[in-house]
Structures are given as structure tokens and as C-alpha cells.
Amino acid sequence: MTTRRVFIVDDERTVSTLLSRALESIGYEVVQSFDGYEAYNLGVHEPFDLALVDMFLPGLLGIEILSKWQKAGVEYPVIMVSGSNAEEDIIQALEFGAVDYVTKPFRVRELLARVQAHVRTHERFLRAREIGAGPTVRASSGATTPFP
Amino acid sequence: MTSTGLIVVIAVGACACTLVVLFSYKIVMGAKRRFEGVRRAAYIAVIGELAARGSYPTGILSDWAADRVFRSTLQGFVALVEGVERSRLLQVAQDLGIIDDEVGRLRSRRTKQRVRAAQALAAFGDPLTARALSTAINDRAAAVRVNALAGLSRIGEPELVAKILRTVDSETEWDAARIMDQLVALGAPAVPALLSYLGDLRAGAPRYATMAIQTLGAIGDLSSQRVLLDGLHHPEVELRAASAGALQRMGSVGAVPGLIEAMRDREAVVRIRAAKSLGESFDESAVDALAHGLRDPEWWVRKNSAESLTRLPGGVGALQEALRGSDEFARDAAREQLMIMGVPAGAPVDTTPINGQTDGSADGDWIAEQLDQLDTGFAQRPGVPDTPTPGTRHPSSR
């Protein structure tokens, strides 16, 4: 079985370290980035199963990264992690393509469960696409297209 | 050597000495910061491991407990997590004597020490420190009081809120605002004390009642709706406006009749907030009041009314209606809002009654099509068709 890779994008070392230790403890491989631009490049060019992205980063904001990843065709799920629980921020993050939004402070075990659930769903989605019986996806242009 | 020469030599020497001292200071401070950075990195790794996996190297941690970098790192982690991990880290802080030490420092004669201790205890939010923190809310330093309240909010001690609010009027506006922020963090448990504080308003006009009303709005608990609706009738205009704004944040349908009434308030600032709030209610019964708001003498009321109408069922129809009305203000407000939505100012006007059936005219169908597309979330407006598209439905016919 291949090791699943999670991308953690957070400029706060405490958050990044805590999340990476927790994910490593359940068998995930973790790649960390502390800067928005670096995160964008790594996120586009490296294969990941999921990304945890902070809302406020040096360089690019979390939602800017999300938006750019969407345009670049990044498919893996992204969970936003933020200290803000403002309704507008949550809605904006989800509208920009995040699958989930977690506010700090968070429960580590709950966050791990969310990560695992989204990775499972994404894997199911990829398997369904492989056999050609998958659901339709929304393309970046906004049009709804079926998988070939 | 002449006296001038001597002065020059002394001055050059003094400058050189100053430069050497400053340079040395810079080197020492740089080295200190680097060493702190290295220590912090090590602490982050260890505490991260501890929080995530629960392993607990007691011996090493005891040696580090006195280091303020370790303490601040531990505080950072405690503020970051909840549940089991937080309990685990709190236990570490207790075992290492850090919390007792901070409680002791809360009694220090030096203000800076007390402030740091209150900040630390606020970050830990340990229920065992509730008593010390409740004493600290009477501290003479505002920063200690505010941090103590932050700690009590984190612990969840609502019975202390009333005590704090009794003295809030003596705080500066800045500190009172910070205190109110902490009450927002405490959430619904703070509401009864805030309501009681506002209940005393009838006796006079406390300085920070507006803040209390805004705090109730930010908490968003429905139990405060009655008091906020009463606030719409308060003699003080600031309180009426704050009540209307708080009701907006609450977004409750039950507030609609009161807000409709507030749309007739003599003060523009109240009508402005009421118009905005009605948009959050998503209640069709507010359409008439907002349509009336399009004819308000105040520009902001007209603008907010137009914006709010786009959020209500039948609201877009009211904007269309205003476009062909006789009131110039209403026409402008409606036209501007429709343009923001993607309908150009020169677009033909729908002659259909708001709740009536389409008359089948090309113009009517054209605007119905535009609105249909707006309703379905298409941001990009296609070119104006020469003829109406077959099968286009008017929104009201859905």
C-alpha cells in the first residue's frame, strides 16, 4: 500500500509541527511549506492526497493559493485551517474550492478524522473516474461536464 | 595640541566608542535571538510530539520549565488545540509548576510581571486558576483586567460577567471594547448579564450601552432579540442604530416587524441600519418597506434598500417597479443596483406587475431572461438578443 502524502501550508511552526507529527503518527507522509508562493509551486508540481492550508500566509493568501490551484487543475482536496471563524471567511474559502474549513483552536483527533475522510472520498472519486463510471465534475470554466 | 584639536579627538573617540558599543550590542542581541530561535525550534518539536502522541519526557521538560521561551511555546500550543491534546498540555504545565508560578506572579508589585502572568494564564485557560483570575479583574492595570477576563472567558465563568459589567463604565473606551470582545468569546453564557446591564439603561444613558448592544449582536443569541427590538425605540439615536445593526447580525425573521417600523425612524442612521438588516431576514414581508426606502431622502438608505431588495423573494421585481416609477431617487437607486447585478442602465423595462404574469412582450421577456440568469447564478451576461429566447420564464411564474 502506498503512503499517502499530505501537504501542510502554514507559516506558524507550532501549527505545522503539530499537524505533521499527528499525521505522521497515523502513517501519512508530510510535506511542509511556510510561504504562499512556494506552496503554490509545490502544490501544482508535486502529487498529494490532501492539503491543509492556512488562511493568512506570507506571499499569497490561502484563498489565493486555492484559486490558483483550481485554475492549474489541482484535484486533491484542500482543507482550510484558520483562526478566523467569521462566516464570510468560511463561505469564501468553500466557494474558492476548499472541501472543509477548520478553525483554531482545533481538536487534533477530529482534524485527523476529517483528513482521513476527505482522503477516502477523493480516492473513491479517483477510482470511479478510472473505471469511467464516475460522477460529473465541475470544470474550472464553471460548466458541468461528464467524465469521458 | 590646541583646545580645538583636543575637542575633536575626544569627539571622535566618543563616536568610536559609541559605535563599538552599538556594534557589540547588535552582535550580542543577534546571537541571543538566534539562540532563542534554536531553543524555540527544539521546544516546538518536543511539545508538538507531546501534544500529538502523548509521550512525555518529564526529566528534560523540568529542566526547560523555567525558560520563558519554553513557556511561551507551550502557551502557543495550548491556545492552538482543544480536547484531549489541550488537557494533556495543561497537565504538563501543572506538573511543571508553570501555572502555579504564573498565579504567584499575578500578585507581583511590577505591572509588567502581572500583565505577563495574566496573559499566560489567559492562554492556558486552566479552570483551577479561575479564582486567581477573578481577583485579577480588579487589578489597577487595565491590561491585567482584560487578560484576566480573557482567561475567565476561556474557562467559561459567566457569573463573573455581571461583576465586570458593573465597573465597565469606568474603563477607557479602548479597554471597554476589549472587554466586550472577551464577552463575545464567552458567547451565549454572557447574554443574561449583558441583558441585565442593558436593562438598567432606562435609568440613564450609560456610555458603553452601544458596545453592549453590538456585543449581543455579535454573540447572536436569540434570547437577546426582545431587548434589541426594544432598543429600536430608545430615545438615544446611537442605541437605536446599534440595535438595528445587531438585529442584522442576528438575521432573525422575528425582528422584521420591528425593523420595518425602524425604517420610518426620524434619524437616517437608524433607517440605514434597518434597511441593511432587512436584507438579512430573507423575509418577503419586508419588500414593501424596502421599496419605500428607495424613495428615502438619504442616499445610504436608498442604496441599502436596493441592495437588500436583491436578497428578498420578489425584491428584484420591486426594483423593476421602481424603475418605471415617478420618483427620481428611487429610479436611480434601482437602476444602479440592477446595473451592479449585470442589467445595463439602458435596458428595456419590464412592464409586468411585480406579482403578475408576463405579458409576453419582447422587452418583458428580455429582462425576465436577464433576471432568470442572475437568479441561477450566471455572472457573465450574454449579449442582448434581438428576439426573446423561446421558453424563457419570468421569475414570478416559477
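Please read all numbers here as calculations on a predicted model, not as lab measurements.

## Re the confidence of the model for chain B
Low pLDDT marks regions whose predicted coordinates should not be analysed in detail. Residues and elements named next belong to chain B. Here chain B shows a mean pLDDT of 78. Residues at 70 or above account for 83%. Taken as a whole, residues 374-398 scores under 50 in pLDDT and shows 33 contacts with residues more than four places along the chain or in a different chain. The ipTM assigned to the predicted complex is 0.76, against a pTM of 0.65.

## What about helix α14 (residues 237-250) of chain B?
Residues and elements named next belong to chain B. Under the 1.5 Å per step criterion, the end-to-end length of α14 is 20 Å for 14 residues, consistent within 8% with the ideal 20 Å. For α14, a buried count of 10 out of 14 residues is recorded, marking the element as mostly surrounded by other parts of the structure. If you check which residues of α14 are buried, you get L239, R240, A241, A242, S243, A244, G245, A246, L247 and M250. Buried residues in α14 make contact with α12 (209-219), α13 (225-231), α15 (256-262) and α16 (268-281). Trailing α14 by a residue or two, G251 shows a phi angle of about 60°, which is positive.

## Focus on the side chain of R302 of chain B
Residue and element names in this part refer to chain B. Within the element layout of this structure, R302 appears in helix α18 (residues 299-309). Lacking a salt bridge, the buried R302 has D296 as its closest oppositely charged neighbour, with an N-O distance of 5.8 Å. In terms of polar contacts, R302 uses its side chain to reach the backbone carbonyl oxygen of D296, at 2.8 Å. Once residues lying within four places of it in the same chain are set aside, the contact partners of R302 are G293, L294, D296, P297, F329 and A333.

## Here we look at the sheet that holds strand β3 (residues 50-54) of chain A
All names here are of chain A. With parallel pairing, 5 strands are arranged side by side in an open sheet as β2-β1-β3-β4-β5. Since the sheet does not close on itself, it has two edges, and those belong to β2 (29-33) and β5 (100-103), each with one partner. The average undirected angle you get between the axes of adjacent strands in this sheet is 20°. Pairing geometry for strand β1 (residues 5-9) and β2, over 5 bridges, is parallel. Residue V6 lies in a different strand from β2, and its bridge partner there is V30.

Reading the values: rules and limits
Residues numbered from 1 in each chain as written. Chains lettered and ligands numbered in written order. Predicted model: local features only at pLDDT ≥ 70, side-chain atom pairs only at ≥ 80, totals over all residues. Heavy atoms only, no water. pLDDT = per-residue confidence, 0-100. Contact = heavy atoms within 4.5 Å. Helix = DSSP H or I, 4+ residues; strand = E, 2+ residues; numbered from the N terminus. Expected span 1.5 Å × (residues − 1). Buried < 20%, exposed > 50% of the residue type's maximum accessible area, 1.4 Å probe, protein only. Lys, Arg positive; Asp, Glu negative; His and termini not counted. Salt bridge = Lys/Arg side-chain N within 4 Å of Asp/Glu carboxyl O. Polar contact = N/O pair within 3.5 Å; in protein donor to acceptor, adjacent residues only side chain to side chain. Pairing = 2+ DSSP bridges. Axes fitted to C-alpha atoms, helices over the stretch in contact; angles between N-to-C directions.

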